[in-house]
Amino acid sequence: MSFGAPAPDSVQPATFQFNPENLSRAKEIIGKYPEGRQQSALLPLLDLAQRQHDNWLPRAAMDYVADLLEIPPIRAYEVASFYTMFNKAPVGRHFIQVCTTTPCWLCGSNDVLKAIKDKTGAGAGETSTDGAFTVVEVECLGACVNAPMVQINDDYYEDLDYQRTGELIDALAKGEAPKIGSQIGRKGSQALSGPTTLLEPPKVVVPKKTPAKAKAEAAPDAAPKAKPKPKPKAAAKPKAETKAADTDDGGEAPAAKDEG
Ligand code: FES
């Protein structure tokens with residue numbers, strides 16, 4: 001989910017360009033692609049532009065990236081409008097994506113939305129009046145085991161309820177950096193009751209010995225010695241060419257001429 005509709009001209013900046021640090025990063029990214037395939041850097045460069053521009057992508061930034069990659073601007077517009085991680089209109093400093101798909105909904109995503117609305121004044125699809133928070137409803141973000149959850153900018157906050165969501169918003173409003181991940185101290189997506197499998201160190205399995213191997217190890221001298229390998233026979237010499245071979249008709253070869 002994103003702020004997908006392009007912002008009106010009144011808020012579109014006239015120009016955009018990478019700052020020196022991002023320009024250097026952009027060149028590094030472009031350099032990863034083979035000659036003639038630089039347009040493959042479009043996605044990471046649009047992402048870089050969005051991060052530089054307060055988490056939204058103005059038209060000027062798409063034009064700038066297209067120009068940098070020597071592709072028509074429409075190619076950048078197509079990609080930016082297809083992928084939902086690109087915001088085409090201004091968003092708040094804290095971009096909150098609330099998952100309301102079935103597992104999160106069953107675990108209380110309505111309470112999460114209500115807590116955000118109560119704290120920020122912004123409902124789904126809205127930005128708070130102070131411009132700090134933008135809230136959107138999204139489909140599954142892949143953290144269902146720790147439902148309900150939200151993504152705020154790049155981070156996930158999980159195992160939320162009304163109170164914990166309120167505390168999270170309060171901390172962000174104060175400029176704090178709340179702990180990411182589970183808000184109830186769960187490790188990863190471990191079961192709520194704690195680990196249920198792999199509770200002991202793994203056992204080392206020693207392969208069984210065959211009786212012959214065990215006997216050989218017990219009395220190494222008694223072990224039957226391996227038979228020496230037979231020497232390979234010398235390769236047979238090629239037969240001397242027969243006289244018959246010297247004469248095509250199979251008759252006797254002519255006697256050598258007496259040079260004396
Ligand atoms: S349903 Fe919410 S993360 Fe999957």
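Up top you'll find the structure we're talking about.
Note that the structure is a prediction, hence the values are computed from the model and not measured.

Criteria and cut-off values
Here the residue index of a chain counts from 1 through its sequence in written order. Side-chain atom pairs in this predicted model are given and counted only at pLDDT of 80 or more, local residue features only at pLDDT of at least 70, and totals for whole chains, interfaces and linings cover all residues. Processing note: side-chain calculations cover all non-hydrogen atoms of the structure and skip hydrogens and water entirely. Helix and strand labels come from DSSP, where a helix needs a run of H or I of at least four residues and a strand needs a run of E of at least two; each type is numbered from the N terminus. Using a 1.4 Å probe on the protein chains alone, a residue whose accessible area is under 20% of its type maximum counts as buried, one over 50% counts as exposed, and one in between counts as partly exposed. In what follows, residue pairs with any heavy atoms lying within 4.5 Å of each other are defined as contacts. Throughout, the Shrake-Rupley method with a 1.4 Å probe supplies accessible areas, and for residues the shown protein chains are the sole cover considered. Pairing between two strands requires that DSSP report at least two bridges joining them. In this analysis an axis means a line fitted to C-alpha atoms, helices contributing only their contacting stretch, and an angle means the value between N-to-C directions, from 0 to 180 degrees. Aromatic pairs are defined between Phe, Tyr and Trp rings, using the six-membered ring for Trp, whenever the two ring centres lie within 6.5 Å; interplanar angles under 30 degrees are classed as stacked, those over 60 as edge-to-face, and all others as tilted. Angle categories: roughly parallel below 35 degrees, roughly antiparallel above 145, roughly perpendicular from 65 to 115, and oblique for all the rest. For any pair of crossing helices, the crossing counts as left-handed if the nearer helix is rotated counterclockwise from the farther one by less than a right angle, and right-handed if it is rotated clockwise. The arc under discussion is defined with respect to the helix axis, by the directions toward the C-beta atoms. Here, a salt bridge means any side-chain nitrogen of Lys or Arg that lies within 4 Å of a carboxyl oxygen of Asp or Glu. Only buried residues count toward a nonpolar core. Its members are Ala, Val, Leu, Ile, Met, Phe, Trp, Tyr and Cys residues joined through side-chain atoms within 4.5 Å.

(A) Seen up close, the overall build of the chain. Helix and strand counts for the chain stand at nine helices and six strands. For the chain, buried positions account for 34% of its 260 residues. In the chain, 64% of the contacts between residues at least 6 apart in sequence involve partners at least 24 apart. Accessible surface, the chain: about 17,900 Å² in total, of which carbon and sulfur atoms supply 56%.

(B) Highlighting the sheet that holds strand β5 (residues 155–158). In spatial order, the strands read β2-β3-β1-β4-β5-β6; together these six strands make up an open sheet with mixed pairing. Each edge of the open sheet carries a strand with a single partner, namely β2 (126–127) and β6 (181–182). Bridging between strand β1 (residues 94–99) and strand β4 (residues 150–152) involves three bridges; their strand directions are antiparallel. Note on β4: the bridge partner recorded for V98 is V150. Relative to β1, helix α6 (residues 109–120) is tilted by about 155 degrees, and along the sheet it contacts β1, β2, β3 (133–138) and β4.

(C) Looking closely at the packing of aromatic side chains. Within this structure, the stated rule accounts for four aromatic pairs. Members of the aromatic cluster, connected to one another through ring pairs, are F16, F18 and Y64.

(D) Just the environment of D155, in detail. Here D155 lies in strand β5. With relative accessibility at 30%, the residue D155 sits in the partly exposed group. With sequence-adjacent residues up to four places away left out, D155 is seen in contact with V150 and I180.

(E) Just the packing of helix α3 (residues 59–68) against helix α4 (residues 73–82), in detail. The interhelical angle for the contact between α3 and α4, taken along N-to-C directions, is 125 degrees, at an axis separation of 8 Å. Of the possible angle classes, the one that applies to α3 and α4 is oblique. Where α3 crosses over α4, the two elements pack in a sense that is right-handed. Listed contacts from α4 to R59, M62, D63 and A66 of α3 are P73, A76, Y77 and A80.

(F) View of helix α1 (residues 20–30). Where α1 is concerned, the buried positions are N22, A26, I29 and I30. Each buried residue of α1 lies within a common arc of 95 degrees when the element is viewed along its axis, so the set occupies one face. Residues P20, E21 and K27 are exposed on α1 and point more than 90 degrees away from its buried face. Packing partners of the buried residues in α1 comprise α2 (42–52) and α3.

(G) A look at the pattern of salt bridges. Scanning the model with the defined rule gives nine salt bridges in all. Between E126 and K117 there is a salt bridge, with its nearest N and O atoms 3.8 Å apart. Taking relative accessible area as the criterion, K117 reaches 39% and is therefore assigned partly exposed. Here R164 ties to D161 by a salt bridge, and the two come within 3.3 Å at their closest N and O atoms. A residue is classified by how much of its surface remains accessible, and D161, at 28% relative accessible area, is partly exposed. Through salt bridges with shared partners, one network takes in D47, R51 and D154.

(H) Just the side chain of N22, in detail. Checked against the element boundaries, N22 lands in helix α1. Given the relative accessible area of 13%, N22 is considered buried. When neighbours within four sequence positions are excluded, N22 is seen to be in contact with L48 and Q52.

(I) Molecular detail of α2. Along α2, the positions that sit buried rather than exposed are L42, L45, L46, L48, A49 and Q50. Packing partners of the buried residues in α2 comprise α1, α3 and α4. Immediately downstream of α2, the backbone of D54 shows phi near 50 degrees, a positive value.

(J) Fine view of the nonpolar core. Formed by 24 residues in total, the largest nonpolar core has its most connected members in F18, L42, L45, L46, L57, V65 and L69. Secondary structure elements with two or more residues in this core: α1, α2, α3 and α4. The greatest single-element share of this core, amounting to six residues, is contributed by α3. The residues contacting L46, other than those within four sequence positions of it, are L57, M62, V65, A76, V79, A80 and F86. Among the nonpolar cores identified, the runner-up in size contains 16 residues, and I96, I152, L160 and L168 belong to it.

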